[in-house]
Amino acid sequence: LKFVTSLARMSFDEDEDDLYKGYNNQWDPPTQAGAYSNFDDPAPQPAGGFYGTGFGGGTSFQGNAASAAAGVLHAQQAAARQGTSARRTLNSQMGRAGAPEENRPMTSVRAAGYSSAGPKGPRPLSDVQQSKGPAPPLAKKSDGSPEDQAREMEKKVNTLLEESAIANSERKYQLALEKAKEAAKKERALCKHRETNGLLDQINLDLTYSVCFNLANQYHANEMYTEALNTYSIIVKNKQYAQSGRLRVNMGNIYYKQRNYPAAIKMYRMALDQIPQTGREIRFKIMRNIGNAFTRLGQYQDAIGSFESIMEGCPDLQTGFNLVVCYYALGDRERTKKGFARLLSVRTGGMEEEEPDDDPESTVPDDDLKLAQKKRRKVAMKYVTTAAKLISPMIEKDFVSGFDYVIEQLRLSGLTDIASEMEISKAVFFLKQRNVEKAKETLVAFERKEDLVHDTTTRARAATNLSFLYFLEGDHKNADKYGTMAIKADRYNAKALVNKGNCEFRKGMDANEKGKLDEGREYFTKAKELYYEAIGVEADCTESIYNLCLVKRAMGLDSEALSLFEKLQKILPQSAEVLYQIASLHAQMGNVRAATQWYKLLISHVPSDAGVLAHYGVLLSRDDDETQAYHYHHESYRYYPVDMEVISWLGAYFVKSEMYEKAMAFFIRASQIQPKEVKWRLMVASCYRRIGSFQQALRIYQDIEKEYPDNIECLNYLVRICTELGMNSKLEEYANRLAKAERKQDKLNKIMPTNAPPMREQSPEVDHRQDAGPMLDASAAVAAVAGGGDKGKGKVFKKQVQNDDDWGEGDDVADLLPE
């Protein structure tokens, strides 16, 4: 073989240990060049190059080819097992084999012949196969040793801790507590296992601390304060936990929730003693908690000491606000002003006014940083606004000067938006003082165009409030004016749109009352469009939805109104107004069963509302459930005993039931409420007649006749009762007065126009002469009494009186009473 032959011609000196042996500081350029060429290309060369001339000379080494090849293969296999450096050494030795020994100069301009790339050319397959053997078998896992068991148990404890923390973050406090208890149980088992197996050096104190702290925290989240305090006490009393004293803050928080403020202060101070001076922020937070606890105890001076220390070291808005509250509680005006100025001097993230958007119509949502900034600003503005509203009425001699001082301070601090808010609050304070005119003057000041202090949004709010005030006063013209102004200032103001819609709705109602139905429908349509627009601006604007339902009901669209009311009821399930509208619509549409259900639901929310009880009683009366109708009417009377409709119904109910004594009580109450109304006194007298107290009835009739001598109805009853009592002298007198009153009434009826109703003493909507049936003819009564008359006629007259007086047996007793 050529490969074997070429190897046989190479010499391999196993005894040559030093590659630089024989160095004699001589430099033979041709020989050295040949050697350098051989190191660069140690592979076999073709005939005439490497084999013909040899390495540095013309002779070749003669020997046994087979033994030489075997020796070379053995050397290559040994080099493969030893690594890269050994192979490189072998290659260099092989490159020098077969050449005469010569001295190699050490020079800086020539390489020694080593290369990081290793030998060039392919390696024999036998070398690769013999250098790698089969992979050793995998080591078997040892049976459960105590250490392995402890590691598995510790892993389970950590898993339970993580699950408990995750459940707490998801507000699943009960599940978090269960996981925490299980983790504590397994951790105790782990410690016992290590003690039993002599692994005390492996006990993990950090794990024990974490388990106990998590358990206490879950007790706290589940409001199991006693268990939480016990667990925290175990932790803080253990000296092995270096930083456990800080947990006294948590214990103080629990005492604070339990309103045990002295114990909370004690815990906060103990925790404060263990916080180093380098932890300024946490020290100031604990001091703020101490100040809050003193405030709850009413020890405002001690609280001021804590808050002032914080404001001197690390001021923040919450502490500044609390300091102002303490000054306000002590009634110290000067210190309150200083505290408010110090609060305004705090400049934290969010106090700066919000920059307007470059593109207001942009639909790109705000990023997280922008949302966080808005949230901080909202909180900051809340503290400042609340403090300003609190101290404005008390820092000066009168609240007007106080508001002016606060507004000026806010403007000097650059908080113009809060200053405008305070001016509106000033108007609201006037309203609380029932000074509507001053409130309107304050709000009208926003209308001045030359006042550049107020922005467009603030002016829109002022106009909205003015529209609301004028609407409540019944000045619909000015209400409409300022409602239009508010919409022009801010078209996306839902409250302004609702106020404007209310004005249009009121115009429609007035037009309907005047009989202008077409004009009223136009106003209703405008109101409906405004309400729809308000809903488009704020989908949860319940006022616009409710008013829209009323508009549809006024337009006769009862089904649409009912559908909208039912949708609104899902948004406001506790609203009594919405429930009443739904029940009323069902009753109006004839759905008695559905109306009954809604009325029951409404009464469960407002059980003492007399109007609701009365309406439900009327519905039951229409459904012929007189017993339940009486119950709800009586309940309504119990809560509101001056409702004339309820009193009338109860009186008629007892008349139908022939319980005249009870009916009399309600008619007497009605006569007390309306003393100038004759009908109630006539009904009281009729009840006396029904129970046989004729003398009492006669006295009531006579009293009425003295006050109202021309009352035909009273004279009729006097003629009748005198006939029944056989008082002939009185009978003739009252009969003459009756005839005279009737003639007078006839003359008046002839004088009045034919289309005008006849003049009556009583209420025009009810004909109370139905109380005693058909009226008697006065001349016939006089003739019957004066001459004795025909006995038969007398009997007929008496029978007629008895039948006419039986108004308790008829089915139309309710007609006796007001509608």
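The rules behind these values
- Residues numbered from 1 in each chain as written.
- Predicted model: local features only at pLDDT ≥ 70, side-chain atom pairs only at ≥ 80, totals over all residues.
- Heavy atoms only, no water.
- Helix = DSSP H or I, 4+ residues; strand = E, 2+ residues; numbered from the N terminus.
- Buried < 20%, exposed > 50% of the residue type's maximum accessible area, 1.4 Å probe, protein only.
- Contact = heavy atoms within 4.5 Å.
- Areas by Shrake-Rupley, 256 points an atom, 1.4 Å probe, with all protein chains shown as cover.
- Patch = residues over 30% accessible without salt bridge, like charges linked within 9 Å, V, L, I, M, F, W, Y side chains within 5 Å.
- Salt bridge = Lys/Arg side-chain N within 4 Å of Asp/Glu carboxyl O.
- Lys, Arg positive; Asp, Glu negative; His and termini not counted.
- Charge placed at Lys NZ, Arg CZ, Asp CG, Glu CD.
- Expected span 1.5 Å × (residues − 1).
- Polar contact = N/O pair within 3.5 Å; in protein donor to acceptor, adjacent residues only side chain to side chain.
- Core = buried A, V, L, I, M, F, W, Y, C linked by side-chain atoms within 4.5 Å.
- Phe/Tyr/Trp six-rings, centres within 6.5 Å; stacked < 30°, edge-to-face > 60°.
- Lys NZ or Arg CZ within 6 Å of the ring centre and 35° of its normal.
- pLDDT = per-residue confidence, 0-100.
- Axes fitted to C-alpha atoms, helices over the stretch in contact; angles between N-to-C directions.
- Parallel < 35°, antiparallel > 145°, perpendicular 65-115°, else oblique.
- Left-handed = near helix turned anticlockwise from the far one by under 90°.
- Nonpolar A, V, L, I, M, F, W, Y, C, P; charged D, E, K, R; others polar.

A. Structural view of the overall build of the protein chain. Secondary structure assignment for the protein chain yields 38 helices and zero strands. Among the 819 residues that make up the protein chain, the fraction classed as buried is 40%. Look at the contacts in the protein chain between residues 6 or more apart in sequence, and 57% of them connect residues 24 or more apart. When the accessible surface of the protein chain is summed, it comes to about 47300 Å², and 51% of that surface belongs to carbon and sulfur atoms.

B. Just the environment of Ala 735, in detail. Examined against the element boundaries, Ala 735 turns out to sit in helix H36 (residues 728–751). By relative accessible area, Ala 735 is classed as buried at 1%. Distance in space between the C-alpha atoms of Ala 735 and Arg 720 is 9.6 Å, their sequence separation being 15 residues.

C. Representation of the environment of Asp 316 in the model. Mapped onto the elements of the fold, Asp 316 is located in the loop between helix H14 (300–313) and helix H15 (317–330). A relative accessible area of 17% places Asp 316 in the buried class. The spatial distance from the C-alpha of Asp 316 to the C-alpha of Ala 380 is 9.8 Å, given a sequence separation of 64 residues. Leave out the neighbours within four places in its chain, and Asp 316 touches Arg 288, Ile 310, Met 311 and Val 346.

D. Up close: a positive patch on the surface. On the surface, Lys 156, Lys 185, Lys 186 and Arg 188 cluster together into a positively charged patch. Considering every element that reaches the positive patch, the biggest residue donor is helix H8 (residues 173–196), with three residues. You can see Lys 185 is positioned in helix H8. Note on Lys 185: relative accessible area 59%, which makes it exposed.

E. Layout of helix H23 (residues 494–513). In this model, H23 (20 residues) spans 29 Å end to end at C-alpha, consistent with the 28 Å of a helix rising 1.5 Å per residue. Residue Asn 493 occupies the N-cap position of H23, its side-chain oxygen lying 3.2 Å from the main-chain nitrogen of Lys 495. Count one or two residues on from H23 and you reach Gly 515, which has phi positive near 90 degrees.

F. Just a nonpolar patch on the surface, in detail. Taken together, the side chains of Tyr 639, Tyr 640, Val 642 and Ile 673 make up a nonpolar region of the molecular surface, amounting to roughly 340 Å² of accessible area. Tracing the sequence through the fold places Tyr 640 in the loop between helix H30 (626–639) and helix H31 (644–656).

G. Region of interest: H30. When the terminal C-alpha atoms of H30 are compared, their 20 Å separation across 14 residues agrees well with the 20 Å that a helix rising 1.5 Å per residue should span. Of all the residues in H30, the buried ones are Ala 629, Tyr 632, His 633, Glu 635, Ser 636 and Tyr 637. Along its buried surface, H30 packs onto helix H28 (592–605), helix H29 (610–622), H31 and helix H32 (660–673).

H. Looking closely at the nonpolar core. Counting 87 residues, the largest nonpolar core has Ile 286, Phe 340, Val 406, Leu 410 and Met 422 as its most contacted members. It is helix H12 (residues 261–273) that contributes the most residues to this core, eight residues altogether. Residues contacting Ile 286, with those up to four places away along its chain left out, are Val 249, Tyr 268, Ala 271, Leu 272 and Ile 275. One finds Ala 463, Leu 568, Tyr 660 and Ile 721 within the second-largest nonpolar core, a separate group that totals 84 residues.

I. Examining the packing of aromatic side chains more closely. Inspection of the entire model under this criterion finds 22 aromatic pairs. Residues Phe 213 and Tyr 232 carry aromatic rings whose centres are separated by 6.5 Å and whose planes lie at 55 degrees to one another, so their mutual orientation is tilted. Of this pair, Phe 213 sits in helix H9 (residues 205–221) while Tyr 232 sits in helix H10 (residues 225–236), placing them 19 residues apart in sequence. Given a relative accessible area of 28%, Phe 213 falls into the partly exposed group. Measuring from ring centre to ring centre gives 5.6 Å for Phe 321 and Tyr 383, while their planes differ by 45 degrees; the resulting arrangement is tilted. You can see Phe 321 sitting in helix H15 and its partner Tyr 383 sitting in helix H17 (residues 368–391), a full 62 residues away along the chain. The class of Phe 321 is buried, set by a relative accessible area of 16%. The structure contains a cluster of three or more aromatic residues connected by ring pairs, namely Tyr 630, Tyr 637, Trp 649, Tyr 653, Phe 654 and Phe 666. Above the face of the Tyr 405 ring, Lys 337 is positioned so that its terminal group lies 4.9 Å from the ring centre. Over the ring of Tyr 639 we find Arg 638, and its NZ or CZ is 4.6 Å from the ring centre.

J. The environment of Ala 165, seen in detail. With respect to the element layout, Ala 165 can be found in helix H7 (residues 146–169). Put simply, Ala 165 and Asn 214 are 49 residues apart on the chain and 7.8 Å apart in space, counted from C-alpha to C-alpha.

K. The arrangement of the pattern of salt bridges in detail. Per the counting criterion, the structure on display carries 29 salt bridges. Salt-bridge contacts for Asp 316 lead to Arg 288; the nearest nitrogen and oxygen are separated by 3.1 Å. Here the residue Asp 316 occupies a position in the loop between H14 and H15, and Arg 288 occupies one in helix H13 (residues 280–297), the gap between them amounting to 28 residues. Each member of the pair Asp 316 and Arg 288 is classed as buried. Taking the shortest distance from any N to any O, the salt bridge between Glu 560 and Lys 552 comes out at 2.9 Å. Judged by its relative accessible area of 40%, Glu 560 is partly exposed.

L. Molecular detail of unusual backbone geometry. In this structure, Arg 171 takes a positive phi of about 65 degrees despite not being glycine. Here Arg 171 shows up in the loop between H7 and H8. Arg 171 gets classed as exposed once you look at its relative accessible area, which sits at 64%.

M. Fine view of the side chain of Asn 499. As for its position among the elements, Asn 499 is in helix H23. A distance of 3.2 Å separates the side chain of Asn 499 from the backbone oxygen of Thr 464, its partner in a polar contact. Those residues in contact with Asn 499 that sit more than four places away from it in its chain are Thr 464, Ser 467 and Phe 468.

N. Local environment of the confidence of the model for the protein chain. Summary statistics for the protein chain give a mean pLDDT of 75 and a share of 72% for residues scoring 70 or more. The model gives residues 1–101 a pLDDT under 50, and that stretch makes 108 contacts with residues more than four places away or in other chains. Considering only residues more than four positions removed or in separate chains, one finds that residues 754–819, a stretch of pLDDT under 50, has 100 contacts.

O. Summary view of the packing of helix H25 (residues 542–554) against helix H27 (residues 576–588). Between H25 and H27, the shortest axis-to-axis distance is 12 Å and the interhelical angle comes to 20 degrees. Here H27 runs roughly parallel to H25, going by the angle between their axes. In this structure, H25 crosses over H27, and the sense of that crossing is left-handed. Contacts from Tyr 546, Leu 550 and Arg 553 of H25 reach H27 at Glu 577, Val 578, Gln 581, Ser 584, Leu 585 and Gln 588. Grouping the constituent residues of the contact of H25 with H27 by class yields four nonpolar, three polar and two charged.

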